[in-house]
Number of protein chains: 2
Amino acid sequence: MVLYLIGLGLGNVEDITVRGLKIVKQCAKVYLEAYTSILCYGLETKQLEEFYEREVIIADRDLVENLADTLLEEAKDLDVALLVVGDPFGATTHADLVLRAKSSGVEVKVVHNVSILNAVGCCGLQLYSFGETVSIVMWTENWQPDSFYDKISANRQHGLHTLCLLDIKTKEQSVENLIKGRKIYEPPRYLTCSEAASQLIKILERKSEMGIIPAYDENTKVVALARVGWDDQKIVYCTLKELSTEVDMGPPLHSLIIPGPQTHPMELELLETFAYKK
Amino acid sequence: MVLYLIGLGLGNVEDITVRGLKIVKQCAKVYLEAYTSILCYGLETKQLEEFYEREVIIADRDLVENLADTLLEEAKDLDVALLVVGDPFGATTHADLVLRAKSSGVEVKVVHNVSILNAVGCCGLQLYSFGETVSIVMWTENWQPDSFYDKISANRQHGLHTLCLLDIKTKEQSVENLIKGRKIYEPPRYLTCSEAASQLIKILERKSEMGIIPAYDENTKVVALARVGWDDQKIVYCTLKELSTEVDMGPPLHSLIIPGPQTHPMELELLETFAYKK
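Residues numbered from 1 in each chain as written. Chains lettered and ligands numbered in written order. Predicted model: local features only at pLDDT ≥ 70, side-chain atom pairs only at ≥ 80, totals over all residues. Heavy atoms only, no water.

An unreviewed UniProt entry lists chain A under the name diphthine methyl ester synthase, from Acrobeloides nanus. Note on chain A: under the UniProt heading Pathway (unreviewed entry), the record states "Protein modification; peptidyl-diphthamide biosynthesis." Per UniProt, chain A carries the Function (unreviewed entry) text "S-adenosyl-L-methionine-dependent methyltransferase that catalyzes four methylations of the modified target histidine residue in translation elongation factor 2 (EF-2), to form an intermediate called diphthine methyl ester. The four successive methylation reactions represent the second step of diphthamide biosynthesis." (UniProt positions renumbered as here; feature names shortened; annotations may be inferred.)

Right, here's the structure in full:
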């Protein structure tokens, strides 16, 4: 039988493709991958189940460790679907699962969908001209990694834009709950554009202190994006400083783009329509 | 009223999203953008019209010049849809149309879909680790540009993969038909992976003659992709030389990836499942 990997797109139940929906309705079992909170993507299990008219099994952190085993075992006798927010080969690759399926002799079919990696084209920047994508993690007092800086810097040196995916923390446990082994989780947290901008400015200061000429400064104009593809999508073109201090992008999910040093006139013209201060 | 830009995904009529299909059925007029032959993407107008139960107006080269005017004029009074293969902000940006809509006071809504830019993740290479995308044009005897070489080279220097989109020529006119002003077009032609590989090897030879150490050689392993997302999708991992001389990827559309010099072990493991010579 077949293991289907089906992309759900950007967070509206109706963003699934017609083909994807048909397959979901035919599969014997339907799993929804939820490494990160699906609520961040605007999806609720009940809403999905009503739309699909099918039971949807949430593969959250507790289940995920054994998910591949379960899927591959079941797919020997049944058609099984794994639903994935975005595209199955988008921000999270499912290479491991596909490899294991191949070696178990389970056929895998993929139903692609849009991922944030190409949806950000809506701001006007050419997807052609993006360099390596980076992930910005949520800093704590004692853990402030900045390895993404070098990638942003290299992209800018080559005139390329950088898409920054912002951290999501779900199913965190308080120290007390962790010690006591209680499966009680803190509410999900997500890195906002403003927080990411503050971190980027902080890195800037550190580089300057080290005598390094930074790849950008606090007046560098960036593109903040929130809830891309949703009805209340928000895009703001502003300086890093404005983003860190004044601009509120609202509810999650947020993404951030550091454009290359030269933007094409046509890119710029569309960006300017999203300008914070016109 | 609203001008909808609706992505059709990778070439199966059912690759439209549920939301996209709903909108198409509601719009007063439905246009299909066909700068390039939609047949290359496996779509036929009649098939689309049957699926949508709507008339679909083909915006081919003759219409395209005035398309924006038509769409914006009509969208003042009607809901109008422009269907686009892939994602509306994928390989071709619709920035110009969006800009003109904004200045005419026409509301634009976008229904995203997968584009080849993220669908290629199915070969196992991390989309994160791609650099700038390049377009490889079809060489003629007297016109053999190679500016994409520098971009591939820069990407490889930074350990990044390069997606090469391959040229499509549609609605070419013979010199005779052009002179006589006859709108008779040659059959569409598309650059194959093998032809692109031959061009890349030719560039290699030129660079060597100039004393430049090339960024890759004919034994560099590349990823050839054909008909991504279709039932007969084909992926082959082989050397540039094998691709130029032995490997036949079949019907269009083809894409080519030049991986970075180091591939992650997990990437490599999945690539190896597509190996030409196992």
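From this point, the discussion proceeds with the structure in view.
A. Up close: the state of the cysteines. Enumeration according to the criterion identifies zero disulfides over all chains in this entry. Its sulfur unpaired, A:Cys164 is 9.2 Å from the next cysteine sulfur, which belongs to A:Cys193. Given a relative accessible area of 0%, A:Cys164 falls into the buried group. B:Cys122 forms no disulfide, and the closest cysteine sulfur to it belongs to B:Cys123, at a distance of 6.2 Å. (Disulfide = S-S within 2.5 Å. Buried < 20%, exposed > 50% of the residue type's maximum accessible area, 1.4 Å probe, protein only.)

B. Region of the structure containing the interface of chain A and chain B. Each side of the interface is counted separately: chain A has 51 residues, and chain B has 51 residues. Applying the counting rule to chain A against chain B returns four salt bridges. A salt bridge links B:Glu14 to A:Lys22; the shortest N-O distance between them is 2.5 Å. Run the count over chain A and chain B and you get 18 residue pairs in polar contact (both at pLDDT 80 or more). For the side of chain A that touches chain B, the elements supplying multiple residues, two or more each, are helix 1 (18–26), helix 5 (95–104), helix 6 (116–119) and helix 11 (265–272) of chain A. Ranked by residue count, the leading element in the side of chain A that touches chain B is helix 5 of chain A, at five residues. Across the side of chain A that touches chain B, the residue classes tally to 24 nonpolar, 17 polar and 10 charged. (Contact = heavy atoms within 4.5 Å. Salt bridge = Lys/Arg side-chain N within 4 Å of Asp/Glu carboxyl O. Polar contact = N/O pair within 3.5 Å; in protein donor to acceptor, adjacent residues only side chain to side chain. Helix = DSSP H or I, 4+ residues; strand = E, 2+ residues; numbered from the N terminus. Nonpolar A, V, L, I, M, F, W, Y, C, P; charged D, E, K, R; others polar.)

C. Representation of the sheet that holds strand 10 (residues 221–226) of chain A. Residue and element names in this part refer to chain A. Within the open sheet, the five strands sit side by side as 6-7-12-10-11. Their pairing is mixed. A strand with exactly one partner marks an edge of an open sheet, and here the two such strands are strand 6 (134–136) and strand 11 (234–239). Strand-to-strand twist across the sheet, computed as the mean angle between neighbouring axes with direction ignored, equals 25 degrees. With six bridges connecting them, strand 10 and strand 11 associate as antiparallel partners. Counted as the bridge partner of Ala226 is Lys234 from strand 11. (Pairing = 2+ DSSP bridges. Axes fitted to C-alpha atoms, helices over the stretch in contact; angles between N-to-C directions.)

D. The relation of the copies chain A and chain B, seen in detail. Rotating chain A by 180 degrees about the axis while translating it 0.0 Å along that axis superimposes it on chain B, leaving an RMSD of 0.0 Å. Expressed as an axis order, the relation between the two copies is that of a two-fold axis. (Least-squares fit on C-alpha atoms with pLDDT ≥ 70 in both.)

E. Main features of the UniProt feature "binding site: S-adenosyl-L-methionine" (unreviewed entry) in chain A. In this structure's numbering, the residues bearing the UniProt feature "binding site: S-adenosyl-L-methionine" (unreviewed entry) are A:Leu10, A:Asp87, A:Gly90, A:Ser115, A:Ile116, A:Leu166, A:Val228 and A:His254. Position of A:Ser115 among the secondary structure elements: in the loop between strand 5 (107–111) and helix 6. Overall, A:Ser115 belongs to the buried group, its relative accessible area being 2%. Among all residues touching A:Ser115, those that are not within four sequence positions of it are A:Leu10, A:Gly86, A:Asp87, A:Gly90 and B:Asn118. Only 2.9 Å separates the side chain of A:Ser115 from the backbone nitrogen of A:Leu117, close enough to count as a polar contact. Accessibility expressed as a relative area gives 6% for A:Val228, which makes it buried. Look past the residues within four positions of A:Val228 in its chain and what remains in contact with it is A:Leu10, A:Ile116, A:Ala119, A:Cys122, A:Gln233 and B:His112.

F. Just the sheet that holds strand 3 (residues 57–59) of chain B, in detail. All names here are of chain B. Strand order in the open sheet formed by five strands is 3-2-4-1-5, and the pairing between neighbours is parallel. Of all the strands in the sheet, the pair left with one neighbour each is strand 3 and strand 5 (107–111). In this sheet, neighbouring strand axes are inclined to one another by 25 degrees on average, regardless of whether the strands run parallel or antiparallel. As defined by bridge partners, strand 2 (residues 29–33) adjoins strand 4 (residues 80–84) across four bridges and the pair is classed as parallel. Residue pairing in the sheet places Lys29 in a bridge with Val80 of strand 4.

G. Quick peek at the packing of helix 7 (residues 148–157) of chain A against helix 9 (residues 193–209) of chain A. Residue and element names in this part refer to chain A. Between helix 7 and helix 9, whose axes approach to 11 Å, the crossing angle comes to 85 degrees. Taken together, the axes of helix 7 and helix 9 are roughly perpendicular relative to one another. Contact residues: helix 7 offers Phe148, Tyr149, Asp150 and Ile152, while helix 9 offers Leu200, Ile203 and Lys207. Among the residues forming the contact of helix 7 with helix 9, the class breakdown is five nonpolar, no polar and two charged. (Parallel < 35°, antiparallel > 145°, perpendicular 65-115°, else oblique.)

H. Geometry of the pattern of salt bridges. Enumeration according to the criterion identifies 32 salt bridges over all chains in this entry. We note a salt bridge from B:Asp146 to B:Arg206, for which the minimum N-O separation is 3.8 Å. In this pair, B:Asp146 is assigned in the loop between strand 6 (134–136) and helix 6 (148–157) and B:Arg206 in helix 8 (residues 193–209), connecting sequence segments 60 residues apart. Overall, the relative accessible area of 25% leaves B:Arg206 in the partly exposed class. If you follow the salt bridges from partner to partner, you end up with A:Glu176, A:Lys180 and A:Arg182 in one network.

I. Region of interest: the domain arrangement of chain A. When its domains are assigned, chain A resolves into domain 1 (2–114) and domain 2 (117–272). The straight-line distance from the C-alpha centre of domain 1 of chain A to that of domain 2 of chain A is 28 Å. (Domains from an automatic or database assignment.)

J. Focus on the side chain of A:His112. Relative to the helices and strands, A:His112 is located in the loop between strand 5 and helix 6. Polar contacts involving the side chain of A:His112 include one to the side chain of A:Asp87, which spans 2.8 Å. Apart from the residues lying within four places of it in its own chain, the contact partners of A:His112 are A:Thr17, A:Asp87, A:Pro88, A:Phe89, B:Leu10, B:Val114, B:Ala119, B:Cys122, B:Val228 and B:Gly229.

K. Looking closely at unusual backbone geometry. Residues and elements named next belong to chain A. Here the residue pair Pro252 and Leu253 is connected by a cis peptide bond, since its omega of -10 degrees sits within 30 degrees of zero. Mapping Leu253 onto the fold places it in the loop between helix 10 (240–245) and strand 12 (254–258). Look at Arg227: it is not a glycine, yet its phi comes out positive at around 50 degrees. Tracing the backbone shows Arg227 in the loop between strand 10 and strand 11. Residue classification places Arg227 among the buried residues on the basis of a relative accessible area of 7%.

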